[in-house]
Amino acid sequence: MEIVSCRGEAEEQVSLDVYNEVWPHDRIGLAEVQSYQAGLLDYADLIARIDGVVAGSGFAAIQPQRPELVVVLLTVLAGQRRRGAGTALYEAISAWTRERGLDELEAVVADDDSESLGFALRRGFVEDRREKGVALDLAGIEPPAVEPPPGVEIISWAERPETARGIYEVAVEAFPDVPGWEDELMEPFEDWLAHDMSGSGDRPEATFVALAGDEVIGYAKFSLTPAQPTTAHHDLTGVKRAWRGRGVARALKATQIAWAKANGYEELRTRNDERNAPIRKLNKEFGYRPAIGRIYLKGPLA
């Protein structure tokens, strides 16, 4: 058994290839990984080899939004499981975490992967929350009507790049109200703009802004990747508190669906905390169907 830290893009790609094989529904490219890394306080990217053959990978991240814990994605190839790679990666990430003065991990598991869930539970992890996955097949639908409330218009961020500060003001209100994100810290404007809105998967023409006059009252954005050229993933849909319940989120989502269909996408995917009743109800009304979700667990170091 050998655990090594990735050195350079070639090894980072090896680590990512393992992740993409284990999480094919959430495939991403190396550019997206590097954009994510750029916004972290610290991270570790590890590869496990058994007799020289790649068996698994582990990614540990300290995010500025939650600097008190380490978020872990630990993946082992199906044919290499039960040979100790997962345990070795867990021990290596635990050692890395201790060196940084932290003592809690958050592990992420697909909700259809009972084997990985069992691995975590046996090591003292406990479930913290769940996100339900949903998907919309665009091939069989007509674009929905975009019907914003009176006095509200929907534009793309590309049309009005100067609305960035207003979008941030929406995010500051919306993030604490999203179940599962209540305790996350908001970064300062410039950091948020660089990390949340300017990554390789973020495109101004695929980010939509709701305006009441010159005031930004809501926004919705996609996360896009060449690794899934026909699937677009929903990112945050946020509306200012004073404007909720008036159909702003519905108009934003309808705009996203129409844009995705017009631009050749065949599927939309998203995940929502199971407690987030309003957005789950809206997705159901638009025809989204159940898909793979995530379980988030918190637990101790090895």
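Residues numbered from 1 in each chain as written. Predicted model: local features only at pLDDT ≥ 70, side-chain atom pairs only at ≥ 80, totals over all residues. Heavy atoms only, no water.

K.L.:
Looking at this structure, I do not really get the overall build of the chain. What am I missing?
P.N.:
For the chain, the count of helices and strands is eight helices and twelve strands. Its C-alpha radius of gyration of 20 Å places the chain within 12% of the 19 Å reference for a compact globule of 302 residues. With respect to the principal axes defined by its C-alpha atoms, the chain has extents near 65 × 40 × 35 Å. Pairs at least 24 apart in sequence give 71% of the contacts found in the chain among residues at least 6 apart. For the chain, the computed accessible surface area is about 13,900 Å², with 50% contributed by carbon and sulfur atoms. (Helix = DSSP H or I, 4+ residues; strand = E, 2+ residues; numbered from the N terminus. Rg over C-alpha atoms; globule rule 2.2 N^0.38 Å. Contact = heavy atoms within 4.5 Å. Areas by Shrake-Rupley, 256 points an atom, 1.4 Å probe, with all protein chains shown as cover.)

K.L.:
I would appreciate a short explanation of unusual backbone geometry in the present structure.
P.N.:
Leaving glycine out, the prevailing phi sign among residues is negative, and the prevailing peptide bond configuration is trans. One non-glycine residue, D51, adopts positive backbone phi at about 55°. As for its position among the elements, D51 is in the loop between β2 (42-50) and β3 (53-63). Not every positive phi belongs to a glycine, and R82 is a case in point at roughly 65°. As for its position among the elements, R82 is in the loop between β4 (66-76) and α3 (85-99). Accessibility expressed as a relative area gives 75% for R82, which makes it exposed. (Buried < 20%, exposed > 50% of the residue type's maximum accessible area, 1.4 Å probe, protein only.)

K.L.:
How do you make sense of the packing of aromatic side chains when you look at a structure like this?
P.N.:
In this description, a pair of aromatic rings is defined by centroid distance and the angle of the planes. Per the stated rule, a full pass over the model turns up eleven aromatic pairs. Geometry around F119 places R123 over its ring, the cationic atom sitting 3.6 Å from the centre. R165 extends its terminal NZ or CZ atom over the ring of F189, reaching a point 3.9 Å from the ring centre. (Phe/Tyr/Trp six-rings, centres within 6.5 Å; stacked < 30°, edge-to-face > 60°. Lys NZ or Arg CZ within 6 Å of the ring centre and 35° of its normal.)

K.L.:
Is there a simple way to explain the packing of helix α1 (residues 9-22) against helix α2 (residues 30-38) in this structure?
P.N.:
How two helices pack is summed up by the angle between their axes together with the distance between the axes. The contact between α1 and α2 brings their axes to 10 Å, and the two run at 105°. As the angle between them shows, α1 and α2 are arranged roughly perpendicular. In contact with E9, E12, Q13 and L16 of α1, α2 contributes L30, V33, Q34 and Q37. (Axes fitted to C-alpha atoms, helices over the stretch in contact; angles between N-to-C directions. Parallel < 35°, antiparallel > 145°, perpendicular 65-115°, else oblique.)

K.L.:
Sorry, what's going on with the side chain of K253 here?
P.N.:
Tracing the chain through its elements places K253 in helix α7 (residues 248-262). Buried K253, no salt bridge; nearest opposite-charge side chain is E285, N-O distance 10 Å. Apart from residues no more than four positions distant in its own chain, K253 is found in contact with H234, T237, I279, L282, N283, F286 and Y288. (Lys, Arg positive; Asp, Glu negative; His and termini not counted. Salt bridge = Lys/Arg side-chain N within 4 Å of Asp/Glu carboxyl O.)

K.L.:
I would appreciate a short explanation of α7 in the present structure.
P.N.:
In an α-helix, one turn spans 3.6 residues, which is why side chains three or four residues apart end up on the same side. Between its first and last C-alpha atoms α7 spans 21 Å; for 15 residues at 1.5 Å apiece the expected length is 21 Å, and the two agree. Restricting attention to buried positions, one finds in α7 the residues V248, A251, L252, K253, A254, T255, Q256, I257, W259 and A260. Where α7 terminates, the next one or two residues include G264, which has phi positive at roughly 85°. (Expected span 1.5 Å × (residues − 1).)

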